[in-house]
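# Residue-level structure breakdown
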Amino acid sequence: MNSTWIVAEKELLDLRRGRLFAILIGFLAVATLISVAAASADFRNQLDAYNLYVANLATSGSTVAAAAPQLFPLKLLRGGVEYLEILGALFAIVLGYGTIAKEKHRGTLHLFLSRPVGRFAFAGGKVLGLSIVWLGVVAALTAVSLVAVVTIGHAPIQGIDVARLLIAGGFAWLYLVFWTALAVGLTALSTRLSTGLIVALVIWLAFVLIIPQIGDTMDPDNQVPGGLFATLQIQKPDELAVLAQFSAFDGIRNGLEASSVTKHFERLTFAFLGIKDQYNQQPLSLMWAAMLPYAITLTAATLAAVVFAALATTRRTLQRKQS
Amino acid sequence: MNTILTSARHEILCTLRARVALLLLVVFLGMVSLSSLIGWITNTTVTRVYEKILADGLTTAPNPFAAVSALYYSRNSVIYVVLIGALMAIILGVQATLRDRKSATADLVLSRPVNTVQRLIGQFLGLGAVIAAVLAASTVISGASISIIMGAPLGLDPSVRLIGFAALSWALMMIFALLGMLTGLYSRKETTALLVPFVIWSAIAFVLPQIGTAARPVALLNPVPALASPGRGSFDLIGAVTGPFTITEQFKRAASIVLRDDSVTGSPWLSILLLVAVLIAMTWIVVVTPRRTLRSGLNE
């Protein structure tokens, strides 16, 4: 345990000294701020359009008006969550790759392995160090998100909102550790360093971008701008009744989406933050009950990735000569 | 001229030997092949959904898919160029310029009477040939898939449009290949050389369009572009400023018009001109790289 902690401490020190890490985190923080600013500006535009509509109604003497758009503070974070699921995963891969690559490049790996250290000390220390780093990053991004919602979004935050945000932060941490551990294992297994990075990137492309995109493309309601059922003026109960007869197709589509760990993270965070209308303003107990399978699969995927990193990062794989 | 051809030939050879680069090419070609199939399955299902709605008497509206173009089935290829194609081009570009620096063969090559501009143009052309070959293969696959789906060979107009789409894709991918070449030349670490263009790609593909249109990152994975539309308050002004820099959205716009996607209207020429201008600017920035930069070593 001692040598594991020493490796973790060294990892933290290296990342604190390097500019790369600061650039990545700065980029994520700026992207989150921009997404909150864009979402709140979009909401203000909707509100202005609604006020204009109400004023026009009043001028024409009508008293019937549609419900005003409501601001739900945590909904402003949708873009930030999406940045984390796409770019956060990408940056987690790069940091995971970098942590093994630097030791191989500098030759410090051979020095470390010449010492009497445990079988899992190196991999354990690296993953532990990066997990602590991601915990700090998620904490910082959570704080940035809260401040952005209050100051840029001008939205009131309550205690329950903070609790929801902290739960979403916990899932974000698991998600980032998953990608980092996967990259550590793949880089350790590859004889050419860039191979590990590129294979991890191909997996990232497949599971973060391509599979969810295919699932989205196959959604019948996404085939027409504004939605197929809205275009054909079909009511929601009729829509559900029609779609029930195409359950096999929808099952394949949903199965594709469910095969991506990114979708599990997205469904969890969208539910707890109330971004998905179905769960907006619902009690936490109801969300835990509905989202438990996703929470279990995300946790299991992260554990599997950590175990993979530990098993793949052996003396033999680390010391293989580059082909 | 000899330097250019030799460098180009060497670049093609190195790219073909790199198994990982080939893996990315296979992924790209595989996805382009799949996109027609996915489009066909979805269109067939949605048509059945519409027929069910019609049979139940829930609508009298005409089938919105009755008159879709044959090229509708390849619309997803647009997003695969932006996602897979651009990242593949970045990796090829980084490897092209970083290779000599990593193995210190840059010193040996530049000890010969070699003009650096010709050397870099040669590498650029080599990469361009590889990417053009991949796009040619993907165009043939798309054309064949659509012909099978439609039960008839593609006509002249759709074929020309598919070739036009491939040309646009080449321009976009070469911009990102040049970006990779640039960071491969200037970065001190391999990790930075790969990471910096990824960050720039992320900013161009996700952050800039969001600033100008309020489109969410995941919504930008849609093949339909998220260009600024008038009457959206502050987004009008910001969109006008950021629009020319969002080259991925400009590409999506031009490609959607070329592929006759009805949801995008107007002329594609402004978007095409912007892409060509960025390509020329990037080429110039890369080829004027000083000799000492090509010879600089790596820190890791």
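Fair warning: this is a prediction, and the values are worked out from it, not measured in the lab. Within each chain, residue numbers correspond to sequence positions counted from 1 in written order. The naming scheme follows written order: chains are lettered A onward, ligands numbered 1 onward. Where local features are concerned, this predicted model is filtered to residues with pLDDT of at least 70; where side-chain atom pairs are given and counted, the filter is 80 or more; whole-chain, interface and lining totals use all residues.

Here we come to the overall build of chain A. Secondary structure summary: chain A contains 13 helices and 0 strands in total. The order of α-helices and β-strands along chain A, N terminus first, is α-α-α-α-α-α-α-α-α-α-α-α-α. Partly exposed residues are those falling between the two cut-offs: more than 12 but fewer than 20 other C-beta atoms within 10 Å of their own, whereas 20 or more means buried and 12 or fewer means exposed, with C-beta atoms placed from the backbone. Residue burial in chain A is summarised as follows: out of 323 residues, 46% are buried. Contact definition: two residues whose C-beta atoms, as placed from backbone geometry, lie within 7 Å. Summarising the internal contacts of chain A: among those between residues at least 6 apart in sequence, 84% fall at separations of at least 24. Working definition: helices are DSSP H or I runs of at least four residues, strands are E runs of at least two. Numbering for both runs from the N terminus.

Right, let's talk about the overall build of chain B for a bit. Counting secondary structure elements, chain B contains 11 helices and 0 strands. In summary, chain B has a C-alpha radius of gyration of 21 Å against a globular reference of 19 Å for 300 residues, a match within 12%. Projected onto the principal axes, the alpha-carbon positions of chain B cover approximately 80 × 45 × 30 Å. Counting only residues that meet the buried cut, chain B has 49% of its 300 residues in that class. If you take every contact in chain B between residues at least 6 apart in sequence, the share linking residues at least 24 apart comes to 80%. For this measure, only C-alpha atoms enter the radius of gyration; the expected value for a globule follows 2.2 Å times N^0.38, where N is the number of residues.

A few words on the interface of chain B and chain A. Counting residues at the interface gives 45 residues for chain B and 50 residues for chain A. Ten residues, namely Ala, Val, Leu, Ile, Met, Phe, Trp, Tyr, Cys and Pro, are considered nonpolar, four, namely Asp, Glu, Lys and Arg, are considered charged, and the remaining ones, Gly among them, are considered polar. Counted by class, the side of chain B that touches chain A contains 29 nonpolar, 11 polar and 5 charged residues.

Let us now look at the confidence of the model for chain B. Confidence of the predictor in every single residue is expressed as pLDDT, which spans 0 to 100. Of the residues in chain B, 95% reach a pLDDT of 70 or more, and the chain-wide mean stands at 85. Complex prediction metrics read pTM 0.85 and ipTM 0.77.

Our focus in this paragraph is the packing of helix α3 (residues 76-102) of chain B against helix α6 (residues 156-186) of chain B. Residues and elements named next belong to chain B. Contact geometry for α3 and α6: axes closest at 6 Å, N-to-C directions at 35°. In the crossing of α3 with α6, the sense of the turn from one axis to the other is right-handed. Here the residues of the contact of α3 with α6 are counted per class, giving 18 nonpolar, 7 polar and no charged. To get an axis, fit a line to the C-alpha atoms, keeping to the stretch in contact for a helix; angles then go from 0 to 180 degrees between the N-to-C directions. By definition, any crossing whose near helix is turned counterclockwise from its far helix by less than a right angle is left-handed, and any crossing with a clockwise turn is right-handed.

Residues and elements named next belong to chain B. Where helix α1 (residues 2-17) meets helix α5 (residues 116-150), the closest approach of the two axes is 7 Å, and the angle between their N-to-C directions is 45°. Comparing their axes, α5 and α1 come out oblique. For the element pair α1 and α5, the recorded crossing hand is right-handed. Between α1 and α5, the contacting residues are Thr3, Ile4, Leu5, Thr6, Ser7, Ala8, Arg9, His10, Glu11, Ile12 and Thr15 on the first element and Gln118, Arg119, Ile121, Gly122, Gln123, Leu125, Gly126, Leu127, Ala129 and Val130 on the second. A per-class count over the contact of α1 with α5 returns 9 nonpolar, 9 polar and 3 charged. Angle categories are assigned with fixed cut-offs, so that under 35 degrees is roughly parallel, over 145 is roughly antiparallel, 65 to 115 is roughly perpendicular, and the rest are oblique.

Let us now look at the environment of Val82 of chain B. All names here are of chain B. The topology assignment puts Val82 in helix α3. In this structure, the C-alpha to C-alpha distance between Val82 and Ile12, residues 70 residues apart in sequence, is 23 Å. The contacts of Val82, once residues within four sequence positions are left out, are Ala205, Thr248, Phe251 and Lys252.

Let us now look at unusual backbone geometry. Backbone geometry at Gln281 of chain A places phi at a positive 65°, although glycine is not the residue there. Position of Gln281 of chain A among the secondary structure elements: in the loop between α11 (261-272) and α12 (284-312).

With that settled, consider the environment of Val94 of chain A. The topology assignment puts Val94 of chain A in helix α3 (residues 78-106). Sequence separation between Val94 of chain A and Ile275 of chain A is 181 residues, and the spatial gap between their C-alpha atoms is 29 Å. In contact with Val94 of chain A, not counting residues within four places along its chain, are Thr191 and Leu195 of chain B.

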